[in-house]
Amino acid sequence: NLEQALNNECIYKAQILYELCQDILQEMSRRQMMDRAEVDFNNFIDDLRKEERNVAGTSSVSTTNDLENGILLMTDSRLCPLAKGGIVLQLLQNKLKSSWGDQRNMEFLKQIFQNVSASYCSMLEKWLVDGVLNDPYDEFMIGDTAMNPSTQLNSLNSERLWDTQYVIRKDGLMEQFQDKSVQFKVLMTGKLLNLFKHSCDLNSLEGLLPEYHTEALKVLPQDTELKLYVDRSYERANKLVWLLFKDGYHLPQVLLQFQKSYMLSGNSTFISKFFNKSIVELTSLGTQ
């Protein structure tokens, strides 16, 4: 009875944990034996070639459907010396795939994956809901390239920081985040929320646009569920920024004023007034 109980409740779990540990140790050993400087350089060159092909294959008119081919994402292609974060989670997902058909193993592996991915879930939620990158050990798919975390935003560095501060970390990018459109929306959502918070001098976005409120993320979403969650967060971030420009900076009125002043929109009497006041100068120019 004891032997059967051990086989049914303990031994298979110990075997799975042992295999997972071996996979992680092998990955750690593989990374330590690499010439990381050479690998980082090769990855950088590969990224440049891919970007060149994307630019060459992109039409002059880009649309939302061009995310796969035309959008160039800022990425960090450096290799981490340790197996952590998304790297470990991807190893777990591979183990889940190899265990399909074994219900007992699948249930235990799902439980492990849920427990191990809890902190990753929390980081994803904070980034997509509040624009906060809480990643002290560089495990998340978004990396912060700012050398000084207390860098102050000003008119001299705002454009550079917008383009380069937050990047997609390619090493350890999990399978469900391989879609370029998902990467783009995840990256831009946090950046837009950061823009809104800095512009409005806010520490939290809690309570804003309650119609977009979602339950706390407890399990890392997959496939369609992930895309829907990211799309909703991306829509909320864009709505906040649109309200910022529309109501805070009166963008529609500014655009109308530009059209009236520089494109003569709604100013039909301008041409006649211009000729009446400038006829002498125009005539002299014509005779010369």
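As shown above, the structure is provided for reference.
Heads up: these notes are all about the structure in this document. Since the structure is predicted, the reported quantities are computational estimates derived from the model, not experimental observations.

**Concerning the packing of aromatic side chains**
Aromatic ring pairs are reported here in terms of the distance separating the ring centres and the angle at which the planes meet.
Next, step 1: This model, assessed by the stated rule, comprises six aromatic pairs.
Next, step 2: For the pair Tyr12 and Phe108, a centre-to-centre distance of 6.2 Å together with 70 degrees between the ring planes defines the contact as edge-to-face. Linking Tyr12 in helix H1 (residues 2–33) with Phe108 in helix H4 (residues 103–116), this pair joins segments that are 96 residues apart in sequence. Side by side, Tyr12 and Phe108 carry an identical accessibility label, which is buried.
Next, step 3: Between Phe184 and Tyr234, the aromatic rings sit 6.3 Å apart at their centres with planes inclined by 65 degrees, giving edge-to-face as the arrangement.

**A closer look at unusual backbone geometry**
Next, step 1: The phi dihedral of Asp138 is positive, around 55 degrees, even though this residue is not glycine.
Next, step 2: For Asp138, the position within the fold is in the loop between helix H5 (118–130) and strand E2 (142–144).
Next, step 3: Unusually for a residue other than glycine, Leu209 sits at a positive phi of about 50 degrees.
Next, step 4: For Leu209, the position within the fold is in the loop between helix H7 (180–200) and helix H8 (223–248).

**Quick notes on the side chain of Gln90**
Next, step 1: Mapped onto the fold, Gln90 is located in helix H3 (residues 86–98).
Next, step 2: Its relative accessible area of 17% is what places Gln90 among the buried residues.
Next, step 3: Contact partners of Gln90, with chain neighbours within four places excluded, come to Leu173, Met174 and Glu175.

**Re the side chain of Gln183**
Next, step 1: If you trace the backbone, Gln183 turns up in helix H7.
Next, step 2: Not counting the four nearest positions on each side in its chain, Gln183 is found in contact with Leu73, Ile168, Leu173, Phe177 and Gln178.

**A short note on the packing of H1 against H3**
Next, step 1: The geometry of H1 relative to H3 is characterised by a closest axis approach of 10 Å and an angle of 135 degrees between their N-to-C directions. Looking at the two axes, H1 sits oblique to H3. Our pair here, H1 against H3, has a crossing hand that is right-handed. When H1 is examined against H3, the residues Glu19, Leu20, Asp23, Ile24, Glu27 and Arg31 are found in contact with a partner set consisting of Ile87, Val88, Leu91, Leu92 and Lys95.
Next, step 2: Its residues placed into classes, the contact of H1 with H3 shows six nonpolar, no polar and five charged.

**Side note on the sheet that holds strand E1 (residues 75–76)**
Next, step 1: Taken together, three strands build an open sheet; the order of strands is E1-E3-E2 and the sheet is mixed. Strand pairing shows two members of the sheet lacking a second neighbour, E1 and E2, which therefore form its edges.
Next, step 2: Most of the contacts of H7 go to strand E3 (residues 166–169), to which it runs at about 155 degrees, and overall it touches E2 and E3.

**Points about the pattern of salt bridges**
Next, step 1: Enumeration over the complete set of coordinates arrives at 12 salt bridges.
Next, step 2: Arg31 serves as the salt-bridge partner of Asp171, at 2.9 Å between the closest nitrogen and oxygen. One end of the pair, Asp171, is in the loop between E3 and H7; the other, Arg31, is in helix H1, with 140 residues separating them in the sequence. Arg31 shares its class with Asp171; the two are buried.
Next, step 3: Between Lys246 and Asp247 there is a salt bridge, with the nearest N and O atoms lying 3.3 Å from each other.
Next, step 4: Classification of Asp247 as partly exposed rests on a relative accessible area of 46%.
Next, step 5: Taken together, the salt bridges that share partners define one network made up of Glu27, Arg30, Arg31 and Asp171.

About the cut-offs
Residues numbered from 1 in each chain as written. Predicted model: local features only at pLDDT ≥ 70, side-chain atom pairs only at ≥ 80, totals over all residues. Heavy atoms only, no water. Phe/Tyr/Trp six-rings, centres within 6.5 Å; stacked < 30°, edge-to-face > 60°. Helix = DSSP H or I, 4+ residues; strand = E, 2+ residues; numbered from the N terminus. Buried < 20%, exposed > 50% of the residue type's maximum accessible area, 1.4 Å probe, protein only. Contact = heavy atoms within 4.5 Å. Axes fitted to C-alpha atoms, helices over the stretch in contact; angles between N-to-C directions. Parallel < 35°, antiparallel > 145°, perpendicular 65-115°, else oblique. Left-handed = near helix turned anticlockwise from the far one by under 90°. Nonpolar A, V, L, I, M, F, W, Y, C, P; charged D, E, K, R; others polar. Pairing = 2+ DSSP bridges. Salt bridge = Lys/Arg side-chain N within 4 Å of Asp/Glu carboxyl O.

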